[in-house]
Amino acid sequence: MLLALYSILILLLLLPLLAEIRMVIRSILSGSIGQKAAQQALKELSPFQRLTLHGLAPRLRSMHREYGQYLRMELFVVLAAVAAIALEVLFIHLRRALPALLVCLIFCVAAYAGIVVVHAHAGYDAQTRTTRYDRSQRK
């Protein structure tokens, strides 16, 4: 039961962080090739590529470096969640509740901080719902 609770907490904070990263990758795509072309490019992807948003590098006209950075960040976040859940399993099987709680809390705080950092790094504007990658092509 404890394992399920901690795993759900980890996944509940993993999903918004991944959504933020995906939002920035979509804005990089639309900032590079335009909004309508970006929507068309996303429709042409396979379901797995659409889920992870990888395989878009050949379609980009610019911002290849930023795209690669956010793809690596997406991979790192997923691997960190897998490692946190593996540590949870290990600590719970060793009957160590406090270290399992600490792993869950550390991951949750890091995930929330990651959301804030991605938001700030991308320069998200809530009024226009754009990032600095979208606005760079409009100027």
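These remarks concern the structure in this document. (Residues numbered from 1 in each chain as written. Predicted model: local features only at pLDDT ≥ 70, side-chain atom pairs only at ≥ 80, totals over all residues. Heavy atoms only, no water.)

1. Things to note about the overall build of the protein
Next, step 1: Broken down by element type, the protein carries 6 helices and 0 strands.
Next, step 2: Secondary structure elements of the protein occur, N-terminal to C-terminal, as α-α-α-α-α-α.
Next, step 3: A buried classification covers 35% of the 139 residues belonging to the protein.
Next, step 4: Intrachain contacts of the protein at a sequence separation of at least 6 include 66% that bridge at least 24 residues.
Next, step 5: With the model as given, the accessible surface of the protein reaches about 8,600 Å², and the carbon-plus-sulfur share is 68%. (Helix = DSSP H or I, 4+ residues; strand = E, 2+ residues; numbered from the N terminus. Buried < 20%, exposed > 50% of the residue type's maximum accessible area, 1.4 Å probe, protein only. Contact = heavy atoms within 4.5 Å. Areas by Shrake-Rupley, 256 points an atom, 1.4 Å probe, with all protein chains shown as cover.)

2. Focus on the nonpolar core
Next, step 1: By size, the foremost hydrophobic cluster in this structure holds 34 residues, and its most contacted members are Leu56 and Tyr70.
Next, step 2: Mapped onto this core, the elements with two or more residues apiece are helix H1 (2-33), helix H2 (35-44), helix H4 (64-93) and helix H5 (97-122).
Next, step 3: At 11 residues, the largest contribution of residues to this core is made by H1. (Core = buried A, V, L, I, M, F, W, Y, C linked by side-chain atoms within 4.5 Å.)

3. Things to note about unusual backbone geometry
Next, step 1: Phi is positive for Leu53, close to 60°, though the residue is something other than glycine.
Next, step 2: With respect to the secondary-structure elements, Leu53 resides in the loop between helix H3 (47-52) and H4.
Next, step 3: Classification of Leu53 by relative accessible area gives buried; the value is 0%.
Next, step 4: The residue Arg95 is not glycine, and still its phi comes out positive at about 60°.
Next, step 5: Here Arg95 lies in the loop between H4 and H5.
Next, step 6: When its relative accessible area of 76% is taken as the criterion, Arg95 is described as exposed.

4. Concerning the side chain of Glu74
Next, step 1: As for its position among the elements, Glu74 is in helix H4.
Next, step 2: As a buried residue without a salt bridge, Glu74 has its nearest oppositely charged side chain in Arg22, at a separation of 5.2 Å.
Next, step 3: Once residues within four sequence positions are removed from consideration, Glu74 is found in contact with Leu18, Ile21, Arg22, Ile25, Leu51 and Thr52. (Lys, Arg positive; Asp, Glu negative; His and termini not counted. Salt bridge = Lys/Arg side-chain N within 4 Å of Asp/Glu carboxyl O.)

5. Re a nonpolar patch on the surface
Next, step 1: Residues Leu2, Leu5, Ile8, Leu9 and Leu12 make up a contiguous nonpolar surface patch of roughly 430 Å² in combined accessible area.
Next, step 2: Examined against the element boundaries, Leu12 turns out to sit in helix H1. (Patch = residues over 30% accessible without salt bridge, like charges linked within 9 Å, V, L, I, M, F, W, Y side chains within 5 Å.)

6. Re the side chain of Ser32
Next, step 1: Relative to the elements of secondary structure, Ser32 occurs in helix H1.
Next, step 2: Polar side-chain contacts of Ser32 include one of 2.8 Å to the backbone nitrogen of Arg61. (Polar contact = N/O pair within 3.5 Å; in protein donor to acceptor, adjacent residues only side chain to side chain.)

7. As for the packing of H1 against H5
Next, step 1: Where H1 meets H5, the closest approach of the two axes is 9 Å, and the angle between their N-to-C directions is 10°. One element, H1, and the other, H5, form an angle in the roughly parallel class.
Next, step 2: Considered class by class, the residues forming the contact of H1 with H5 number 21 nonpolar, 2 polar and 1 charged. (Axes fitted to C-alpha atoms, helices over the stretch in contact; angles between N-to-C directions. Parallel < 35°, antiparallel > 145°, perpendicular 65-115°, else oblique. Nonpolar A, V, L, I, M, F, W, Y, C, P; charged D, E, K, R; others polar.)

8. A few points about the packing of H1 against H2
Next, step 1: Relative to each other, H1 and H2 sit at 125°, their axes nearing to 7 Å. Of the possible angle classes, the one that applies to H1 and H2 is oblique. Note that H1 runs across H2; the crossing there is right-handed. Contact residues: H1 offers Arg26, Leu29, Ser30 and Ile33, while H2 offers Gln35, Ala37, Ala38, Ala41 and Leu42. (Left-handed = near helix turned anticlockwise from the far one by under 90°.)

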